[in-house]
Amino acid sequence: KQWYQRRVAITAGIEGFDPEENSVSLHGAYKDKKITYDYLIVALGLEIRFDKVNGLTETLGKNGVCSNYGAGNADYTWEVLSAVKGGDLLFTFPNGPIKCAGAPQKIMYLADAHLRKAGVRRNCSLTYHPALPAIFGVPKYASVLSSLARKKGCGVETKSNLVEVDGEKKEAVFENLETGEYSTHTFDMLHVGPPCAPLPVYATSPLADSAGWVDVNKHTLQHNKYENVFAIGDCNSCPTGKTAAKVAAESGVLYENIQKLMKGEKLSGSYNGYTSCPLTVGDNKLVLAEFGYDGAILETFPFNQANPMWLTYFLKKEVMPPLYWHGLIKGTWRGPGVFRKLAHLGTV
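In this report, we go over the structure that sits alongside the text.

What counts as what
- Residues numbered from 1 in each chain as written.
- Predicted model: local features only at pLDDT ≥ 70, side-chain atom pairs only at ≥ 80, totals over all residues.
- Heavy atoms only, no water.
- Pairing = 2+ DSSP bridges.
- Helix = DSSP H or I, 4+ residues; strand = E, 2+ residues; numbered from the N terminus.
- Axes fitted to C-alpha atoms, helices over the stretch in contact; angles between N-to-C directions.
- Contact = heavy atoms within 4.5 Å.
- Buried < 20%, exposed > 50% of the residue type's maximum accessible area, 1.4 Å probe, protein only.
- Bend = angle between axes of the 7 residues up to and from the residue.
- Core = buried A, V, L, I, M, F, W, Y, C linked by side-chain atoms within 4.5 Å.

1. Some remarks on the sheet that holds strand E1 (residues 13-18)
Stage number 1. Pairing in this open sheet of 3 strands is antiparallel, and the strands run E1-E2-E3 from one edge to the other. Two strands in the sheet have a free side with no partner beyond their single neighbour: E1 and strand E3 (34-36). Each strand of the sheet is rotated relative to its neighbour by a mean of 25°, with strand direction disregarded.
Stage number 2. With 5 bridges joining them, E1 and strand E2 (residues 23-27) adopt antiparallel strand pairing. Paired with Gly-13 across the two strands is His-27, which belongs to E2.

2. Quick look at the environment of Tyr-109
Stage number 1. Following the sequence through the fold, Tyr-109 ends up in helix H3 (residues 103-118).
Stage number 2. The spatial distance from the C-alpha of Tyr-109 to the C-alpha of Arg-340 is 28 Å, given a sequence separation of 231 residues.
Stage number 3. Once you skip the residues sitting within four places of it in the chain, Tyr-109 turns out to touch Ile-135, Leu-145, Leu-148, Ala-149, Lys-152, Thr-280, Val-281 and Gly-282.

3. Here we look at the environment of Ile-48
Stage number 1. Relative to the assigned elements, Ile-48 resides in strand E5 (residues 46-48).
Stage number 2. Classification of Ile-48 by relative accessible area gives partly exposed; the value is 29%.
Stage number 3. Put simply, Ile-48 and Asp-294 are 246 residues apart on the chain and 25 Å apart in space, counted from C-alpha to C-alpha.
Stage number 4. Apart from the residues within four sequence positions on either side, Ile-48 is in contact with Tyr-69, Gly-70, Lys-99, Pro-194, Pro-195 and Cys-196.

4. A look at helix H7 (residues 310-328)
Stage number 1. Along H7, the largest kink reaches about 40° and is centred on Val-319; proline Pro-321 follows within four residues of it.
Stage number 2. The complete set of buried residues in H7 reads Thr-312, Tyr-313, Leu-315, Gly-327 and Leu-328.

5. Structural notes on the nonpolar core
Stage number 1. Phe-136 and Leu-145 are the most contacted members of the largest nonpolar core, which totals 83 residues.
Stage number 2. Those residues in contact with Leu-145 that lie beyond four places of it in its chain are Gln-105, Tyr-109, Ile-135, Phe-136, Leu-279, Val-281 and Val-287.

What follows is the structure in C-alpha cells.
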C-alpha cells in the first residue's frame, strides 16, 4: 500500500540504463539526471523501421504505397483502396518480429470485402507476401487461412520478403528467403507490414540479449542477470507474438512476481506465452487465434476458434475495445486465463 502511495510520473526520455548501479539516465528537460531504483520494470515497446526497406520511406504515403502501421498512415490506406478500380494489390509481412502479426494479413481480407462490395473485385489481383514459410505461424490457423485465401482468390507467396520499393515506377522487389533470388512485381496498391526492431536505448544496454531485446526469463519475466529488473510487452525477449493480448497476460504474472520479490519469496507467477491475433476475414467474420509458446493452442471458448464466425467478430468489435480502454490500460484486465479454465473445466 505504501508503495502505491508514492507514485511519481516523470515525463522524460530515457538516455540509458546502468543496472550495475541500479540507475536510469534521462534526457530532455532532465538531461544529465539519473534516477536510482530498487526495482525496474522496462515497458518501452519497439520501433517501426520503414527505413529497412530500400526506397520505402521516400514513397510511403504516396504512389499507392501505404501501411496501417504508424500514426496517421491508415487514412492513406483507405484513400488508396477506395480509389481502386482494378489492378494488382500487394500485401507484405516482414522478415522478423512485428507488432500484431495478424494485421498485414487482415487488411488483405478487408480489401477483398471492400472490392467485392464496390463491384470491382474481378478486375483486381490480391497477393499476400509473408516472409514466413506459411501464411501464419501456427499450423492450426495457417490451414484455415490458406483455405480461406484460396476461396477468396487471394494469392499467397511465402518466404517472400520485401526489400525495395520504387514508388514512381510502382515496382516492389522481393527476396525469396529460400532460394535467395530476387523478383520484381508491379503494383497499383502496396500495403507494407514494416520491419520492427528493438529500441536502441535498451538494445545497446547491458539489459539486452544478442538480438537486442530485454533479456528475461520467458516464464517469470525477470531479467536473466539482474534480479530486480523485469520487462513486459514488445520490448522483452519472450518468444511469442508481440500483441496487446500478450501484455495483458504478462501483467498478471508481473504483478504477482514483483510482489514476491519484494517480500523475498520465490517467484510463482508463470507466463505461458499467451498471445492472440483476432483475424478479421471479411463478411463480418473473424478467426480468433489464441496460442502460447511453441504454438500451443490456448483458446478461451469451448469451440473451434479457427472457424470464421460472426460471434468472434462481435467480440472483437464490441467487447475488446472496452476491455482495452477500461481494463488493460487501467491494469485490471490480465487476459482471459480465468475464463479459459472455466470454459474448458480446467483442462487448458
